Amino acid sequence: LVLSTFQSSSRNVDYAAVELDGSVHVVSGHVVSGHVEVGDGLEFGSDVDDEAFKAAMRVLAAGVVMVTTWFEGRPWGLTISSCCSVTVEPPQILISLRSSSVSCREINRGRRFGVSILGARQKPLAELGAAVGVAKFIDDYCNDQEALRSPMIEGALYHLDCSVASTHSVGDHSVIIGRVLNVVFAPRGATDRDPLLYFDRSFWTVGRQL
Ligand SMILES: Cc1cc2nc3c(=O)[nH]c(=O)nc-3n(C[C@H](O)[C@H](O)[C@H](O)COP(=O)(O)O)c2cc1C
């Protein structure tokens, strides 16, 4: 079923959005009376160029958080940006972690994790938590919060203490839905509230309000 068609201005080719097996694909070819005569360069959506995909995602500015857990009895943290709210009732968030990471394994084992929302001043910690193949013990950066079941980063804008509601395997990642058990707000001066953002392979903070 052809859903819509459009023409490339730079290439002598038509594109069409088609529904196949219940999912939508973009194919190139030539559209003749509402049908797609697929040309030489059949391009299904699944063949999207990796670099084009990464380039698009790089310009999606995102907040940066540290996912915290316990590993060998010590606090352990991983820097991620794939974190968002899912539902308010009940309060749930989503994180996406590489399934083979220590964090993912330990979170699924202990069924607990924390999300510390990082401020601009925590860029060095974010870099530690993103370093490939190095130990990510974060004892020196944590508050003593006995009531919490997850380690909390000292000076984070907020901390969400979560239990694992469900885990979904997606390719080489695991999407974990967390039920928020505690929301911890560490009051600080107004100038310390600048969030840490990631955009175009660099750390930033907010500029001006629009
Ligand atoms: C800003 C930023 C965001 C990231 N977001 C994620 C993410 O959402 N999920 C993930 O699994 N890795 C993410 N990473 C990559 C991990 O931090 C990185 O793969 C990890 O630290 C590698 O450590 P390991 O070798 O100990 O597994 C992100 C890295 C950076 C710098």
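Keep in mind that this is a model prediction, so the values were computed, not measured.

**Q** Before we move on, could you go through the pairing of strand S10 (residues 112-117) and cite the residues and values that matter?
**A** In terms of strand pairing, strand S6 (residues 65-71) meets S10 through 4 bridges, oriented antiparallel. Bridged to methionine 66 within S10 is serine 116. Direction of pairing for S10 relative to strand S11 (residues 158-170): antiparallel, over a ladder of 6 bridges. When the bridges of S11 are listed, serine 116 appears paired with histidine 159.

**Q** If you had to explain the nonpolar core to someone new, which residues and values would you point to?
**A** Formed by 16 residues in total, the largest nonpolar core has its most connected members in Val67, Ile95, Leu97, Phe113, Val115 and Ile176. At the level of elements, S6, strand S7 (74-80), strand S9 (92-98), helix H2 (102-110), S10, S11 and strand S12 (173-185) are the ones that each hand at least two residues to this core. Residues Val64, Met66, Leu125 and Ile138 belong to the second largest nonpolar core, which totals 10 residues.

**Q** Before we move on, could you go through the site of the ligand and cite the residues and values that matter?
**A** Looking at the ligand, there are 16 residues lining it, with Thr79, Ser82, Ser96, Arg98 and Gly133 nearest. At 2.8 Å from an oxygen atom of the ligand is found a main-chain nitrogen or oxygen belonging to threonine 79. Glycine 129 places a polar main-chain atom, nitrogen or oxygen, 3.1 Å from an oxygen atom of the ligand. About the coverage of the ligand: the protein hides 79% of its 630 Å² of free accessible area. Taken together, the residues of the shell around the ligand break down into 7 nonpolar, 7 polar and 2 charged.

**Q** Quick rundown of the sheet that holds strand S14 (residues 202-204)? Include the residues and the values.
**A** With antiparallel pairing, 3 strands are arranged side by side in an open sheet as S5-S13-S14. Of all the strands in the sheet, just strand S5 (62-63) and S14 have a single pairing partner and so form its edges. The sheet contact formed by strand S13 (residues 197-199) and S14 spans 3 bridges and is antiparallel. Considered in S14, the bridge of tyrosine 198 is made with phenylalanine 203.

**Q** Describe in detail the side chain of histidine 159, supporting the description with residues and values.
**A** Looking at the element boundaries, histidine 159 is found in strand S11. Relative accessible area serves as the criterion here: at 0%, histidine 159 is assigned to the buried category. At 2.6 Å, the side chain of histidine 159 forms a polar contact with the side chain of serine 116. When residues no more than four places from it in sequence are discounted, the contact partners of histidine 159 are Thr68, Gly114, Val115, Ser116, Leu148, Ser150, Pro151, Met152, Ile153, Asn182, Val183 and Val184.

**Q** Pulling in residues and values, what's your account of the pairing of S12?
**A** Each regular strand carries side chains that alternate between the two faces of the sheet. Across 7 bridges, the pairing between S9 and S12 is antiparallel. Its bridge partner being in S12, leucine 97 is matched across the sheet by serine 174. The pairing of S11 with S12 spans 12 bridges and is classified as antiparallel. Counterpart to valine 170 in the pairing with S12 is histidine 173.

**Q** Give me the environment of aspartate 192: which residues, what numbers.
**A** Tracing the chain through its elements places aspartate 192 in the loop between S12 and S13. Put simply, aspartate 192 and alanine 156 are 36 residues apart on the chain and 9.5 Å apart in space, counted from C-alpha to C-alpha. With residues up to four places along the chain from it excluded, the contact list for aspartate 192 reads Arg121 and Leu157.

What counts and how
Residues numbered from 1 in each chain as written. Predicted model: local features only at pLDDT ≥ 70, side-chain atom pairs only at ≥ 80, totals over all residues. Heavy atoms only, no water. Pairing = 2+ DSSP bridges. Helix = DSSP H or I, 4+ residues; strand = E, 2+ residues; numbered from the N terminus. Core = buried A, V, L, I, M, F, W, Y, C linked by side-chain atoms within 4.5 Å. Buried < 20%, exposed > 50% of the residue type's maximum accessible area, 1.4 Å probe, protein only. Near = heavy atom within 4 Å. Polar contact = N/O pair within 3.5 Å; in protein donor to acceptor, adjacent residues only side chain to side chain. Areas by Shrake-Rupley, 256 points an atom, 1.4 Å probe, with all protein chains shown as cover. Nonpolar A, V, L, I, M, F, W, Y, C, P; charged D, E, K, R; others polar. Contact = heavy atoms within 4.5 Å.

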